[in-house]
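Observations on the model geometry
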Amino acid sequence: MARQPILTSDEKVFGYEILFRDGVEEYFASTDADQASRNTLNTSMLMGLDVLCDGRRAFINCTRDILLKDYIMLLPSEQTVVEVLESVEPDDLVIAACRRLKENGYLIALDDFAVDDPRQTLTDLADIIKVDLRTTTPTEQETMIKRYGPWRCRMLAEKVETREEFLASKKAGFLYFQGYFFRKPETLHVHEIPANQINYLRILQAVSAPELDVRELENVIKGEASLCYRLLRYLNSPTFGFSTEVHSIRHALSILGEREVRRWIRLVATLGAGQNRPSELVLTALVRARFCELFSSKVPHGESDLFLVGLLSMMDAILEVSMERVLESVPIDRESKAVLLGGASPLRPLYQLLLAQESGEWQSAKELASQLRLSDDEVAQTYLQSLQWAQEMTKGA
């Protein structure tokens, strides 16, 4: 499984559309009248959804067969949005199935809705209507918002790929937004980094230098009180289980060693840099960092720090500057720099695998995994582990 975030107008995560590698029907294929079978499916699905959604809504694509057999009721109503696909004919049986779902507390969304959509009979039961910005015109979007708007359904704009599209669709009356617009800097030209974020970039610069200058690093971190507090809170958490309290960077170095200290300082600097940006940005940066790191013993990477590569891959969007500007400030090796700028690099297959797994591009993920001599299941498990770790790291952040 993979996920695609759905954001509110203030860029908070409302839920995630879940993308299934083998199609959603494969997950329900083994369900039958046997209760044990249903319980097994229920448990495995919930474990995946809990990690992928972190307590938020899961939008699940539903075919006619899944609707009519009530398979979706294996999932909790408070966490599930039933997404009726455009291929579903709204006959009496489908309408009755949707009514049952509503009566049991499920939200219903109509996927890829269009003007004169054959599923109009379902709009009275729908909570959310999804409109694809790529297949509808602004005039058609306006017509649907007026017809089905806030007093009937919440309108969701799909495939929002730029900041301009996000602002325009928000102004038009959409309430939810799906797409990767928030992962791109607002401006692609070089501009000044906000004053309150300069320190975080300085910290990344100091901790990425070949020779660690502990005195300089301590001074930079002490200049950002909240970051200093967060770092010491992490180091004194049960994650490490030290018998004595860690009270300084020097102390941490003596206990953890240089490599681990670099890693944890980068993590808290990223959390600090992203504190005024959508939470999904920071979470994605940490997932990418951990995913790359977990494969460091299995794929060739020379002297490149794979954790740092994953972390920096989102730093342009977090700091709202170009990637070129980020990499001017943080010293990294040539191969890492090349892959982050979209060039040829030995790291490119792993980086492309990460992006494919993240966005549910299953065929590309399969080919890249094979190229790296990794199994599909290994990649999927590593991604879920990375997501769990990132969620743990951002709790209370």
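This section reports on the structure supplied with the text. (Residues numbered from 1 in each chain as written. Predicted model: local features only at pLDDT ≥ 70, side-chain atom pairs only at ≥ 80, totals over all residues. Heavy atoms only, no water.)

**Topic: helix α4 (residues 92–103)**
Filter applied, for reference: Numbering of helices and strands starts at the N terminus; helices are DSSP runs of H or I of at least 4 residues and strands are runs of E of at least 2. Here a helix's expected span is defined as the number of its residues, less one, multiplied by 1.5 Å. Any residue under 20% of the maximum accessible area for its type is buried, any over 50% is exposed, and the rest in between are partly exposed; the area is computed with a 1.4 Å probe on protein chains only. Note: the arc covers the axis-to-C-beta directions of the helix.
An ideal rise of 1.5 Å per residue puts 16 Å on 12 residues; α4 measures up with 16 Å between its terminal C-alpha atoms. When α4 is considered as a whole, its buried residues turn out to be V94, I95, A97, C98 and L101. Buried residues of α4, seen end-on, are gathered within an arc of 160° and therefore sit on one face of the element. Exposed side of α4, more than 90 degrees from the buried face: D92, L93 and E103 are the residues found there.

**Overview of the packing of helix α12 (residues 279–294) against helix α17 (residues 348–359)**
This is how the line gets drawn: Working convention: axes come from line fits to C-alpha atoms, limited for helices to the stretch in contact. Angles between N-to-C directions cover 0 to 180 degrees. Every angle not falling under 35 degrees, over 145, or within 65 to 115 is termed oblique; those three ranges are roughly parallel, roughly antiparallel and roughly perpendicular. Each crossing gets its handedness from the near helix: less than a right angle anticlockwise from the far helix is left-handed, clockwise is right-handed. Whether two residues are in contact is decided by their heavy atoms, any of which lying within 4.5 Å being enough. All residues other than Ala, Val, Leu, Ile, Met, Phe, Trp, Tyr, Cys, Pro, Asp, Glu, Lys and Arg, Gly among them, are scored as polar; the first ten of these are nonpolar and the last four charged.
Running from amino to carboxyl end, α12 crosses α17 at an angle of 130°, the nearest separation of the two axes being 11 Å. Considering the angle they form, α12 stands oblique to α17. In terms of crossing hand, the pair formed by α12 and α17 is right-handed. Of α17, the residues touching α12 (which contributes T284, R288, F291 and C292) are L350, Y351, L353, L354, L355 and E358. For the contact of α12 with α17, a count of residues per class yields seven nonpolar, one polar and two charged.

**Description of the pattern of salt bridges**
Two side chains that carry opposite charge are able to pair once their charged atoms sit near each other. Quick reminder of the rule: In the sections that follow, a salt bridge refers to a side-chain nitrogen of Lys or Arg positioned within 4 Å of a carboxyl oxygen of Asp or Glu.
Inspection of the entire model under this criterion finds 27 salt bridges. Salt bridges sharing common partners tie together E17, E83, D111, K130 and E158.

Treat this as a map of the structure, not an account of what it does.
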